[in-house]
Amino acid sequence: MLYSIFGISLSLFALAVILISLKVLVGKRWFMAWLRGTLALASILFSLALLASAWDFVSYRVANQNETVATVAVKEIASQQYQLELVLPEGGATKYTVSGDLWQLDARLITWSGPIAMLGLKPGYRLDRLSGRYLTLEQERQAERTIYNVDNSMSVVDVWAVINNNAWIPWVDTRYGSATYLPMKDGALYSVNLNQQGLIARPLNESAERAIATW
């Protein structure tokens with residue numbers, strides 16, 4: 001909800017700049033109109049970029065320490081092929097067919113500092129990828145790999161990538177968090193939690209505990 005409010009506020013600011021720029025753009029006098037028009041068009045383009053960024057921010061959630069961000073249920077459907085059901089805290093569930101022996105879930109993290117942190121904007125996260133891996137190096141190199149993008153934001157601008165590639169942007173930082181690869185076993189159930197280092201996966205039932213113990 002916090003990132004939705006942040007995205008909406010950013011959108012309203014961008015729309016206000018667009019309206020002011022359009023008002024300036026229709027002013028009279030040739031040179032001043034040209035100058036105002038150039039500035040207005042630049043402001044509109046900047047505001048459109050802000051709107052696209054705001055849309056991307058809405059897809060992030062507040063990163064609370066030790067919060068369960070997903071549960072993963074494993075079902076074997078063939079040799080070294082499993083169906084993983086990813087269940088989110090808000091109730092959404094998606095099934096993925098993953099090849100290999102191990103699974104891993106990744107997330108993108110955004111942290112704030114300085115004046116922005118003082119305004120109360122907390123760190124945010126967005127789940128990114130679900131992938132499989134083989135235990136043997138030969139299979140890992142030659143066999144089919146499965147990687148799914150679990151982010152359904154449909155964003156035009158990838159804010160995380162922009163920040164990550166421009167270290168000069170003040171008061172904001174990005175990190176990539178990955179849960180440790182854990183074994184896939186029929187009937188296993190795992191929880192994925194968020195901490196300061198990123199994601200950590202834990203067994204939730206006996207099947208998952210046995211899989212880890214014999215791995």
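In this text, all values refer to a predicted model and were calculated from it rather than measured experimentally. (Residues numbered from 1 in each chain as written. Predicted model: local features only at pLDDT ≥ 70, side-chain atom pairs only at ≥ 80, totals over all residues. Heavy atoms only, no water.)

Asks: Is there a simple way to explain the packing of aromatic side chains in this structure?
Replies: The description of an aromatic ring pair rests on the distance of the ring centres and on the angle between the ring planes. On inspection of all chains with the given rule, the structure shows five aromatic pairs. Aromatic side chains tyrosine 96 and tyrosine 148 sit 5.0 Å apart centroid to centroid with 50° between the ring planes, which places their arrangement in the tilted category. With tyrosine 96 in strand β4 (residues 93-99) and tyrosine 148 in strand β7 (residues 147-149), the pair connects residues that are 52 residues apart, well separated along the chain. On the accessibility criterion, tyrosine 148 (27% relative accessible area) is partly exposed. Here the aromatic rings of tryptophan 160 and tyrosine 176 are separated by 5.9 Å at their centres, their planes lie at 65°, and the arrangement is edge-to-face. In this pair, tryptophan 160 sits in helix α5 (residues 159-164) while tyrosine 176 sits in strand β8 (residues 172-178), placing the two residues 16 residues apart along the sequence. With a relative accessible area of 35%, tyrosine 176 lands in the partly exposed category. (Phe/Tyr/Trp six-rings, centres within 6.5 Å; stacked < 30°, edge-to-face > 60°. Helix = DSSP H or I, 4+ residues; strand = E, 2+ residues; numbered from the N terminus. Buried < 20%, exposed > 50% of the residue type's maximum accessible area, 1.4 Å probe, protein only.)

Asks: I tried to follow a nonpolar patch on the surface on my own but got confused; where do I start?
Replies: Nonpolar side chains collect at one region of the surface, where Ile8, Leu12 and Leu15 lie side by side and expose about 290 Å² of accessible area between them. With respect to the element layout, leucine 15 can be found in helix α1 (residues 2-25). Residue class for leucine 15 comes out partly exposed when judged on its relative accessible area of 42%. (Patch = residues over 30% accessible without salt bridge, like charges linked within 9 Å, V, L, I, M, F, W, Y side chains within 5 Å. Areas by Shrake-Rupley, 256 points an atom, 1.4 Å probe, with all protein chains shown as cover. Salt bridge = Lys/Arg side-chain N within 4 Å of Asp/Glu carboxyl O.)

Asks: Help me understand the sheet that holds strand β11 (residues 198-203), please; the structure alone is not making it clear to me.
Replies: Consider a sheet: its strands pair through backbone hydrogen bonds, and that pairing is either parallel or antiparallel. The strand order across the open sheet built from five strands is β4-β3-β2-β10-β11, with neighbouring strands paired in antiparallel fashion. Two strands lie at the open edges of the sheet, namely β4 and β11, each paired on one side alone. With direction set aside, neighbouring strand axes in the sheet form an average angle of 25°. Here strand β3 (residues 81-87) runs beside β4; their pairing, made up of seven bridges, is antiparallel. Its bridge partner being in β4, glutamate 85 is matched across the sheet by lysine 95. Against the sheet, helix α6 (residues 206-213) engages β10 (189-195) and β11, with an angle of about 75° to β10. (Pairing = 2+ DSSP bridges. Axes fitted to C-alpha atoms, helices over the stretch in contact; angles between N-to-C directions. Contact = heavy atoms within 4.5 Å.)

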